[in-house]
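So you can see what is in the structure, the chains are spelled out below.
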Amino acid sequence: MTNAKELNERWTRVFNERDWESERACRTNDYLAHMSGAPGPLDNEGWSGFMAMFTSALPDARITIDSAVEEGDLVSSRWTITGTHDGPFQGVPATGTSVTIPGIDMSRVNDGKIAEHWAQFDLIGFMVQIGAMPAPT
């Protein structure tokens, strides 16, 4: 049986490979994601839509896991996304800007699949990098 940390690494790897079938196979049927800025939890369909929108905005986005810890059925990661803003993101047209987005997450695993996911990332820093808002002072 795969442990939570190995599952998290596989989930990240298939995202980086844009293997959406394998990415979906890492999630339970009743999967829920709690994301920065989202009005409520995303189910499987909502998550897939978010992934499509995000990778359309940053088609070369790559996640690097900087560190991860596992305890019981939970795995938590500190990660960095790098990519190029080559498509619209939340109404901001493509800028061609290279971006770096740090974040943290926690996932709960059930029967070898991710059942619930919480993610926080530097959305303000990202919006500053793509020129959508001024840098905080």
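Please refer to the structure placed before this passage.
Here goes a summary of the coordinates provided. Being a predicted model, the structure only gives us computed values, none of them experimental.

## Focus on helix α3 (residues 44–57)
When the terminal C-alpha atoms of α3 are compared, their 20 Å separation across 14 residues agrees well with the 20 Å that a helix rising 1.5 Å per residue should span. Turning to α3, its buried residues number three or more, namely Asn-44, Trp-47, Phe-50, Met-51, Phe-54, Thr-55 and Ala-57. Down the axis, α3 shows its buried residues gathered within 155 degrees of arc, on one side only. Against α1 (4–16), α2 (20–25), β1 (27–35), β3 (74–84), β4 (98–110) and β5 (113–121) lie the buried residues of α3. Structurally, the start of α3 carries an N-cap: the backbone nitrogen of Glu-45 is 3.2 Å from a side-chain oxygen of Asp-43.

## Overview of unusual backbone geometry
The backbone phi angle of Gln-90 is positive, close to 45 degrees, even though this residue is not glycine. Structurally, the position occupied by Gln-90 is in the loop between β3 and β4. The exposure class assigned to Gln-90 is exposed, which follows from its relative accessible area of 54%. If you check the backbone angles, Asp-111 has positive phi at about 50 degrees while not being a glycine. Assignment of secondary structure puts Asp-111 in the loop between β4 and β5. You can call Asp-111 exposed: its relative accessible area is 70%.

## Description of the environment of Glu-71
Within the fold, Glu-71 resides in strand β2 (residues 62–71). C-alpha of Glu-71 to C-alpha of Arg-108: the two residues are 37 residues apart in sequence and 9.9 Å apart in space.

The rules behind these values
- Residues numbered from 1 in each chain as written.
- Predicted model: local features only at pLDDT ≥ 70, side-chain atom pairs only at ≥ 80, totals over all residues.
- Heavy atoms only, no water.
- Helix = DSSP H or I, 4+ residues; strand = E, 2+ residues; numbered from the N terminus.
- Expected span 1.5 Å × (residues − 1).
- Buried < 20%, exposed > 50% of the residue type's maximum accessible area, 1.4 Å probe, protein only.
- Arc of directions from axis to C-beta.
- Contact = heavy atoms within 4.5 Å.
- Polar contact = N/O pair within 3.5 Å; in protein donor to acceptor, adjacent residues only side chain to side chain.

All quantities given are derived from atomic positions and should not be read as evidence of function.
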